[in-house]
Amino acid sequence: MEPPGPAAPSLDFTVENVEKALHQLYYDPNIENKNLAQKWLMQAQVSPQAWHFSWLLLNLDKVPEIQYFGASALHIKISRYWNDIPADQYESLKSQLFSQITRFASGSKIVLTRLCVALASLALSMMPEAWPCAVADMVRMFQAEDSNVDGRARCQALLELLTVLPEEFQTSRLPQYRKGQVRSVLAQECSSVFPLLEQLLQQQDSPGFIKQKVLKCFSSWVQLEIPLMDCENLIQAAFTSLREPELFDTAVEAIVNAISQPDAQRYVNTLLKLIPPVLGLQEQLRQAVQAGDMETSHGICRIAVALGENHSRALLDQVQHWQSFLALVNMIMFCTGIPGHYPVNETTSSLTLTFWYTLQDDILSFEPEKQAVYQQVYRPVYFQLVDVLLHKAQFPSDEEYGFWSSDEKEQFRIYRVDISDTLMYVYEMLGAELLSSLYDKLGRLLTNTEQPSSWQHTEALLYGFQSIAETIDVNYSDVVPGLIGLIPRISISNVQLADTVMFTIGALSEWLADHPVMINNVLPLVLQALGNPELSISSVSTLKKICRECKYDLPPYAANIVAVSQDVLMKQIHKTSQCMWLMQALGFLLSALQVEEILKNLHSLITPYIQQLEKLADEMPNPSNKLAIVHILGLLSNLFTTLDISHHHHENTEVKKLPAAQGPNPVVMVLQQVFQLIQKVLSQWLTDAQVVESVCAIFEKSVKTLLDDFAPMVPQLCEMLGQMYSTIPQASALDLTRQLVHIFAHEPAHFPPIEALFLLVTSVTLTLFQQGPRDHPDIVDSFMQLLVQALKRKPALFLCSSLDVQALFQCGVLSLKFPEALTVKASCGFFTELLPRCGEIPPVGQVVHENGKLLVQAVLEGIGGQASRSLMDHFAEILFALSKHCFSYVSVWLKEAMQQDGFPSARVSPEQKETFSQQILRERVNKRRVKEMVKEFTLLCRGLHGTEYTADY
């Protein structure tokens, strides 16, 4: 069957056609037909004919899908096109909707809900002027006797209408000033709703489903910021409903929503009255825990946490009630320590963690005297919390853990990270005493020979220590030496414990740098763990931390570290990313040695890889060769990323370094030795972007680390890059060229080869543009970034007679029209950097004056709707730069461009275009204002101004 709309030129929105399209949407197996039907139906819903066909589709002889579409169309017309409805039709529309809701009270629930949403939308748009007591009227209308409709069905329809009214308000598109007005009217009208809800909950003969609707309705209304004291009776009734299993979930939701509204903290007396009923749930909670009823324990915990977390400050302020609040805190502690392993036997404890942050923040925010009082009460509570959290962080038995799914293991890992973050936070409250307490417990555990402890217990205590040491400076702690002494005594029987031992040593690496005499206590453990593939991540990351933090104390151990690392690398124990980290660790380690020692170690470390690479360079390219080549090049890159024998000036933002040791840099010597081999590999793999990228990465990492020391390599590298790029242009070569421009721009001795390379890659890229650059957005992106760097660091490059500035300008304009956002962003950056140079670089000034009109045209096209809205700030920056640096020209160009009919969009009028042009020309100081103008204008051009799409914009 042909779709009625898109296939036919006229959009004939009749009842018959709508029904055909709906049939197609629901039953046609062809996905394209479904999509066409959906598109057509969306147009039908917003058409003027929708007022006519919607009512007809609601006939009781139609199927629910058709009736639902009719009700939805009415809702869309009322909510989005309110201004199209003449005021004299409000009343008839209202009464029609009332009668339809009455008809559907015993009919299809989904249609009834849509009709209620439509009437709710109508009420929100009419109140308070056109419909003063809307809610009271609704209640009255449905309470009136109607012999055709059964009372229970009427009651359900009324509850549905009252439930969707606040929900529709939350999502409505009312302007801000109207929202405030309507919210306060609704809050007053709750006096018509709450007595009815109370009555229905208290009536003995009210069936369960009605009570459930009542609780849902209450839940919906409390989100309108209704004073908590007005909700008191219904909250108490909801507490009573918690005893009825079928009402439990809905009652929890209602209580939590009521307690959690931001305004509730003003009603302290009501909050105090809520503590006893919450504490009264403890027996039900204990029974649920014993029976393994996770849903009930979860719900009760949510209520306790909602009261504690949202109102701890207000309740702490009531000093005379400190005991009842402490009882609530202890109830939450029970929820934190709920028996069973998260997430398999319980899912409740994780809900409570934020509460402990909030309570601590509130206690520490009091003035000193009050804080001291509360510290006395709550320090013991927080010490208990630490014990509870470390117990919850314990792994289950190996047998039990073996049955867990990978998803459960991952959830448990995240849960432990959350516990770790909480412990770190609690340190602020408990301070050094917390570390002492953990150390004492660990010491007792490890030295108690009579009662051997489980590895889980040891692991959890160490994990607590590691959580704190990772982020808190423990250099002044007097227990760390003892801990370092204890670590070798731990009998490591399984992977989880070994991992935690490794991460704990890693967390203490800064401490080890200050106490190098202790390094030998733990380094052997780390080197031993390197040989175990199961400890790959923890052992390698720990070695890397030690090599980074303690490198000046490691020379005595260097030979051993290198030997063990070489061994595990050769045996291929670790995955690729850990091999790369290991190379970075070795780079840090070697940096602190004497140059001849570095060279000796580099020789033994790299030689096997160089031999392998020589062998690979002679073979025909194939996929497994490629993996091996990329791996070896990656290892070299990572080694050179951290191997740095000079010391950087961190304070100085300019790229400067202190003088290095005399003689050539070891990295440069190695690079010079392998340079020909790398060229040979490259010649075989020139067409492969990944291999080219890996080669460029070696030099890019080295340049970034060595800075000026890299100078001896510059001529041969520039020559190689030029040959590479001339043969097959690739983005990574441009990125490396950009790096060279950045670092050597102010070095007259080293710059000539870089200048020659810049001119060469520019001319090759311009040729690429002539052939059609659309298939190479990455090259265009990198090229634009290279031009930006050249303008920033060496604008004189644009004075070269061999540089075709006009062609560059035209390429930039072309790049602004690419669909890839990153490429367009880079091109905008080029113009933002180029335009301010109009005065100082004559060729640039001349090209801009001759071709600027093209740029204005392209920018306006982008703003008019051709480019993604996320790029508007970047286009705004070009307009700002034009207006600031080429004012006399841009006023003419803007005028000429805007005179074109339908440009930059058919949706904007000549007046709107004129206003925009004038605004842009007037604003030459405040860039933020120009960005706002462009955002505003692009919304007009796209027909989105004043719609829901602008809300987050």
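Each value, and the rule that gives it
Residues numbered from 1 in each chain as written. Predicted model: local features only at pLDDT ≥ 70, side-chain atom pairs only at ≥ 80, totals over all residues. Heavy atoms only, no water. Helix = DSSP H or I, 4+ residues; strand = E, 2+ residues; numbered from the N terminus. Buried < 20%, exposed > 50% of the residue type's maximum accessible area, 1.4 Å probe, protein only. Contact = heavy atoms within 4.5 Å. Lys, Arg positive; Asp, Glu negative; His and termini not counted. Charge placed at Lys NZ, Arg CZ, Asp CG, Glu CD. Polar contact = N/O pair within 3.5 Å; in protein donor to acceptor, adjacent residues only side chain to side chain. UniProt positions renumbered as here; feature names shortened; annotations may be inferred. Salt bridge = Lys/Arg side-chain N within 4 Å of Asp/Glu carboxyl O. Core = buried A, V, L, I, M, F, W, Y, C linked by side-chain atoms within 4.5 Å. Expected span 1.5 Å × (residues − 1).

Counting its secondary structure elements, the protein chain contains 44 helices and zero strands. Dimensions of the protein chain along its principal axes, counting C-alpha atoms only, are 105 × 90 × 60 Å. The buried share among the 953 residues of the protein chain stands at 53%. In the protein chain, of all internal contacts separated by at least 6 residues, the share reaching a separation of at least 24 is 74%. Positive and negative side-chain charges of the protein chain, numbering 71 and 101 respectively, have mean locations separated by a distance of 4 Å.

Further remarks concern the side chain of Ser312. Take Ser312: it is sitting in helix H15 (residues 294–317). Within the local environment of Ser312, its side chain forms a polar contact with the side chain of Asp362, the two groups lying 2.3 Å apart. Not counting residues within four places of it along the chain, the set of residues in contact with Ser312 comprises Leu307, Phe325, Thr358, Leu359 and Asp362.

Moving on, we come to the UniProt feature "domain: Importin N-terminal" (unreviewed entry) in the protein chain. Within this structure's numbering, the places UniProt gives as "domain: Importin N-terminal" (unreviewed entry) are residues 37–103. Helix makes up 73% of residues 37–103 and strand 0%, with an end-to-end C-alpha separation of 29 Å.

To continue, consider the pattern of salt bridges. Applying the stated criterion across every chain yields a total of 31 salt bridges. Measuring nitrogen to oxygen at the nearest pair gives 3.0 Å for the salt bridge that ties Asp567 to Lys571. Residue class for Asp567 comes out partly exposed when judged on its relative accessible area of 36%. One salt-bridge network, in which partners are shared between bridges, spans Arg313, Asp317 and Lys370.

A few words on the nonpolar core. If you look at soluble globular proteins, the nonpolar side chains tend to sit buried side by side. Judged by nonpolar contacts, the single largest core of 333 residues is most densely connected at Trp221, Tyr378, Phe699, Phe710 and Phe798. The element best represented in this core is helix H6 (residues 109–126), accounting for twelve residues. In this structure, Val18, Ala21, Leu57 and Phe69 belong to the second largest nonpolar core, which totals 14 residues.

Moving on: helix H33 (residues 689–706). When the terminal C-alpha atoms of H33 are compared, their 25 Å separation across 18 residues agrees well with the 26 Å that a helix rising 1.5 Å per residue should span. All of the buried residues along H33 are Val691, Val692, Ser694, Val695, Cys696, Ile698, Phe699, Glu700, Ser702, Val703, Thr705 and Leu706. Taken together, the buried residues of H33 touch helix H31 (623–642), helix H32 (666–685), helix H34 (714–727) and helix H35 (731–744). The residue sitting at the N-terminus of H33 and contributing the capping side-chain oxygen is Asp688; that oxygen lies 2.9 Å from the backbone nitrogen of Gln690. Of the residues one or two after H33, Leu707 is the one with positive phi, at around 50°.

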